[in-house]
Amino acid sequence: MEKDDKQNAQRRRNNSFEPRLGTAQLVFGIIYAFISGIGLVLAIYTFIASGHQHPWTQYFFVLLFGILAAKSFFIYARMRILFVNGVHTVAKVSSITAEKGLTIVQGTVKAPDTHEEFEIESRYAGMNVARELERFLDEQHTKNLPALVVGSRGKSSPRGMFLIKTHAGHLDQSQINSLKTDRK
C-alpha cells in the first residue's frame, strides 16, 4: 500500500509543471555568465602578463561556464515558451494538505488535445493557504480550480499546474476572483 502511494506521488510530480525552475535557471545562468566573464578577463591578463603563453586552464573554465550559462538560458527560455503557450483549463481538486510549512494541492486535469486525464500537484508556501483554499471551495460549492496545461502538442507528455496565486503565505486577495470557474 505504501509503495502504491509513493508511485502515485511520483507520477503526480512527473506530470506537474513548475515555472519556478525556469526562474532558478535564469539566476544560475546569470551567475555562470558572470563567472565566465571574470575567467575571460583573467585569461587575457594572464596571457599578457606571462609573455604570451596561453593559460589553457583558464580557457577550459571559461568554456565550461559558458556552456553552463547557455544551458541555463536555454532551459529558462523553454520554460517561458511553455508557460506562455499553455492552454488554460479547469482541474478538479482531489486533496488539499498542509504539512511542513507547505500547502500541497492535488488534482486531475484533462489534456486539451487528447482528453486524457492525468494527475497534477502544486506546492505553495504557507499552511494558511490550505485553510483559505478549502474555505473558498466550500463557499463556491465546487471542486474545480483554474489550471494550465503545457506541452500537450508535440512529442512531450502534457504537464499541468494549478493557477493559484499566493502572497506571504496566504491566498492573494486581489486575485481571488480569478479562481472562480463557471464550469462544473
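Here is what the cut-offs are and how they apply
- Sequence positions are assigned chain by chain, starting from 1 and proceeding in written order.
- The predicted origin of the model limits local features to residues at a pLDDT of at least 70 and limits the giving and counting of side-chain atom pairs to 80 or more, whereas totals for whole chains, interfaces and linings rest on all residues.
- Heavy atoms from the whole structure form the basis of all side-chain values; hydrogens and water molecules are not counted.
- The way it works is that DSSP assigns letters per residue, a run of H or I at least four long becomes a helix, a run of E at least two long becomes a strand, and they are numbered from the N terminus.
- Contacts are assigned to residue pairs with any non-hydrogen atoms lying within 4.5 Å of each other.
- A pair of strands counts as paired when DSSP detects no fewer than two bridges linking them.
- Between N-to-C directions, angles cover 0 to 180 degrees, with each direction set by a line fitted to C-alpha atoms, over the stretch in contact for helices.
- The classification of residues rests on relative accessible area computed with a 1.4 Å probe and restricted to protein chains. Under 20% of the type maximum is buried, over 50% is exposed, and intermediate values are partly exposed.
- Roughly parallel here means an angle under 35 degrees, roughly antiparallel means over 145, roughly perpendicular means 65 to 115, and every remaining angle is called oblique.
- Here a crossing is called left-handed whenever its near helix is offset anticlockwise from the far helix by less than a right angle, and right-handed whenever the offset is clockwise.
- For this classification, Asp, Glu, Lys and Arg are treated as charged, while Ala, Val, Leu, Ile, Met, Phe, Trp, Tyr, Cys and Pro are nonpolar and the rest, including Gly, are polar.
- Any Lys or Arg side-chain nitrogen located within 4 Å of an Asp or Glu carboxyl oxygen qualifies as a salt bridge.

Undergrad: Hey, could you run me through the environment of L179 in this one?
TA: Secondary-structure assignment places L179 in the segment after strand 7 (170-171). Along the sequence, L179 and L163 sit 16 residues apart, while their C-alpha atoms lie 7.7 Å from each other. Those residues in contact with L179 that sit more than four places away from it in its chain are L133, F136, N144, L145, P146, L163, I164 and L171.

Undergrad: What's the story with the sheet that holds strand 4 (residues 144-150) in this structure? I'm lost.
TA: Strand pairing within a sheet occurs via backbone hydrogen bonds; the two strands may be parallel or antiparallel. With antiparallel pairing, the five strands of this open sheet are ordered in space as 3-2-1-4-5. Edge positions in the sheet fall to strand 3 (117-125) and strand 5 (159-162), since each has one partner strand and no second. Pairs of neighbouring strands in the sheet enclose a mean axial angle of 40 degrees, with direction left out of account. Relative to strand 4, strand 1 (residues 87-99) is paired through six bridges, and the arrangement is antiparallel. Opposite A91, over in strand 4, you have L145 as the bridge partner.

Undergrad: Is there a simple way to explain unusual backbone geometry in this structure?
TA: Residues other than glycine predominantly adopt negative phi, and peptide bonds predominantly adopt the trans conformation. Of note in the backbone geometry, K100 takes a positive phi value of approximately 50 degrees without being a glycine. Along the chain, the position of K100 falls in the loop between strand 1 and strand 2 (102-110). Judged by relative accessible area, which is 82%, K100 ranks as exposed. The residue H141 is not glycine, and still its phi comes out positive at about 55 degrees. Here H141 shows up in the loop between helix 4 (128-140) and strand 4. According to the relative accessible area criterion, H141 is exposed, its value standing at 69%.

Undergrad: Would you mind going over the packing of helix 2 (residues 20-49) against helix 3 (residues 56-84) with me for this structure?
TA: Each packed pair of helices is defined by two parameters, the angle between the axes and the distance between the axes. Following both chains from N to C, one finds helix 2 and helix 3 inclined at 160 degrees, their axes separated by 7 Å at the closest point. Between helix 2 and helix 3, the crossing angle belongs to the class labelled roughly antiparallel. Considering only the axes of helix 2 and helix 3, their crossing is left-handed. Across the contact of helix 2 with helix 3, the residue classes break down as 20 nonpolar, ten polar and one charged.

Undergrad: Which parts of the structure should I look at to understand the pattern of salt bridges?
TA: Where side chains of opposite charge bring their charged atoms close, a pairing between them can arise. Counted according to the given criterion, the structure contains two salt bridges. Across the pair E18 and R20 runs a salt bridge, and its minimum N-O distance is 2.7 Å. According to the relative accessible area criterion, E18 is partly exposed, its value standing at 26%. By relative accessible area, which is 48% here, R20 ends up partly exposed.

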